[in-house]
Amino acid sequence: MNRWLLLLILLFPIVSPARGQTITEGELDQIIVRGIDRIYNLEFQEAERLFANVVDTMSNHPAGHFFLAMTDWWRILIDRENEALEKRFYLRLEHVIDLCDDRLDKNKTDYIGLLFKGGALGFRGRLRALKSQWIRAANAGKAAIDIVNYALKVYPENYDLLLGTGVYSYYADVIPDEYPLLKPFMLFLPKGDKQTGIEQLTLASQHARYASTEATYFLFQLYFYYEKQYLKSLELVHTLHEKYPRNALFHRYVGRCYAVLNRWEEVKAVFDEVLARYLVHQPGYSHFVAREAYYYLGAYSMTRGQDSLALAHFSRCDELSRKLDRDGTSGFMVMANLKIGMIYDTQKKRELAIQQYRKVLAMKEYNQAHKSAKLYLKTPYGQF
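Below you will find a few notes about this structure. Not measured: the values here are computed from a predicted model. (Residues numbered from 1 in each chain as written. Predicted model: local features only at pLDDT ≥ 70, side-chain atom pairs only at ≥ 80, totals over all residues. Heavy atoms only, no water.)

**Description of the side chain of Arg256**
- With respect to the secondary-structure elements, Arg256 resides in helix H13 (residues 248-260).
- Take Arg256: its relative accessible area is 17%, and that puts it in the buried class.
- Beyond its immediate chain neighbours, meaning those up to four positions away, Arg256 contacts Phe224, Tyr225, Phe271, Glu292, Tyr296 and Phe332. (Helix = DSSP H or I, 4+ residues; strand = E, 2+ residues; numbered from the N terminus. Buried < 20%, exposed > 50% of the residue type's maximum accessible area, 1.4 Å probe, protein only. Contact = heavy atoms within 4.5 Å.)

**Regarding the packing of helix H18 (residues 350-362) against helix H19 (residues 369-378)**
- Relative to each other, H18 and H19 sit at 150°, their axes nearing to 9 Å. Classified by the interaxial angle, the pair formed by H18 and H19 is roughly antiparallel. In this structure, H18 crosses over H19, and the sense of that crossing is left-handed. Within the contact between the two elements, H18 uses Arg350, Ile354, Tyr357, Arg358, Val360 and Leu361 and H19 uses Ala369, His370, Ala373, Lys374, Tyr376, Leu377 and Lys378.
- Here the residues of the contact of H18 with H19 are counted per class, giving 8 nonpolar, 1 polar and 4 charged. (Axes fitted to C-alpha atoms, helices over the stretch in contact; angles between N-to-C directions. Parallel < 35°, antiparallel > 145°, perpendicular 65-115°, else oblique. Left-handed = near helix turned anticlockwise from the far one by under 90°. Nonpolar A, V, L, I, M, F, W, Y, C, P; charged D, E, K, R; others polar.)

**A look at the pattern of salt bridges**
- In the structure shown here, the tally under the stated rule is 21 salt bridges.
- Between Arg88 and Asp72 there is a salt bridge, and its shortest N-O distance comes to 2.6 Å. With Arg88 in helix H5 (residues 83-106) and Asp72 in helix H4 (residues 62-78), the pair connects residues that are 16 residues apart, well separated along the chain.
- Judged by relative accessible area, Arg88 falls into the partly exposed class, the value being 33%.
- On the accessibility criterion, Asp72 (0% relative accessible area) is buried.
- For Arg277, the salt bridge goes to Glu273, with nearest N and O atoms at 2.7 Å. Of this pair, Arg277 and Glu273 are both found in helix H14 (residues 264-279), 4 residues apart, which corresponds to roughly one turn of the helix.
- Of the residues examined, Glu273 reaches a relative accessible area of 35% and is grouped as partly exposed.
- A single network of salt bridges, built from pairs that share partners, joins Glu48, Asp72, Arg75, Arg88 and Arg92. (Salt bridge = Lys/Arg side-chain N within 4 Å of Asp/Glu carboxyl O.)

**Thoughts on the packing of aromatic side chains**
- On inspection of all chains with the given rule, the structure shows 25 aromatic pairs.
- For the ring pair Tyr217 and Tyr253, a centre distance of 6.4 Å and an interplane angle of 55° mean the geometry is tilted. Here Tyr217, found in helix H11 (residues 212-227), pairs with Tyr253, found in helix H13; they are 36 residues apart in sequence, far enough to count as distant.
- Judged by its relative accessible area of 8%, Tyr253 falls in the buried class.
- On the basis of an interplanar angle of 70° and a centroid distance of 5.6 Å, the ring pair of Phe224 and Tyr230 is categorised as edge-to-face.
- An aromatic cluster is defined as three or more aromatic residues linked by ring pairs; in this entry it consists of Tyr40, Trp74, Tyr217, Phe218, Phe220, Phe224, Tyr225, Tyr230, Tyr244, Phe250 and Tyr253. (Phe/Tyr/Trp six-rings, centres within 6.5 Å; stacked < 30°, edge-to-face > 60°.)

**Some details on the environment of Ala312**
- Checked against the element boundaries, Ala312 lands in helix H16 (residues 307-324).
- It is 9.8 Å that separates the C-alpha atoms of Ala312 and Leu297, two residues lying 15 residues apart in sequence.

Encoded structure:
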């Protein structure tokens, strides 16, 4: 996770309905819960049908409109070049904010108004951040934080709201040490406590009505990236993948966990399936996902001494990267080219290996790839 993603987490906390208070009553609430599950499983048409039903039944309530926007959010995450989706997403969020303001004008502690306005501002800021509109993103994020803090005073100690407090508590504690450049920014925000954050996220994961999946996903991220508890990470993301088997993000994170645990047969099985879903155009399994699959299948082949197959996979990863990397070289492109050079060295194709290492040095630094390339330029890979 890069420092901008961590900044986003702090700027745009998740806002969820309070414990003991559902968004609405009876069957409509059940429809909303089913719709949320459809979003996470990338079944967008069914999710939109369910939320449209909510809108038709109570058009002045922000819930249906907000979750229609969340359907767009996940569509954007898997298709980041679709500007038409972005425009609709913004329009839907603006309508949510207007509906919330109408409620808050009548009652400033209206929890539906507070929660959905905070959520709408936060997600609007997240998209602006994805588009590198940092000042506008920060303004939206600050407004969202203010609303969350106020909501917590009015509705303290509830499982769904523990998602937002848990995320903030953990990352506010971790970021200053992990990313010193962000310390000046953190001076203007409350201090955090990572153990409190883990405890709150665990409670939200186990007991929240609407935010359980999001809390579980954040728990996975912090265990994977910061706590380095990879077995725990695997357990959490495996649970998500089993519940939402069509979600490509959860699917490929299962493979990443196996890779960091050096369980390479499982890595191959996961990314073989990922690639198969990409080849039949299953929603969510985009070129970005395929690129990752080719990379890890190349890494698997390399561990088994299958150099020709590894080269084919890494080359395909590189080809996709050249189409996808519009804002600079990705880590996948850098590492694929480095490993291609390493394979050429094992094949005694020194000139080709040198060309690859020089390519890597011309790319953006990633995971000490430059250090490795310089080392292998001096001494061929495998001759230490």
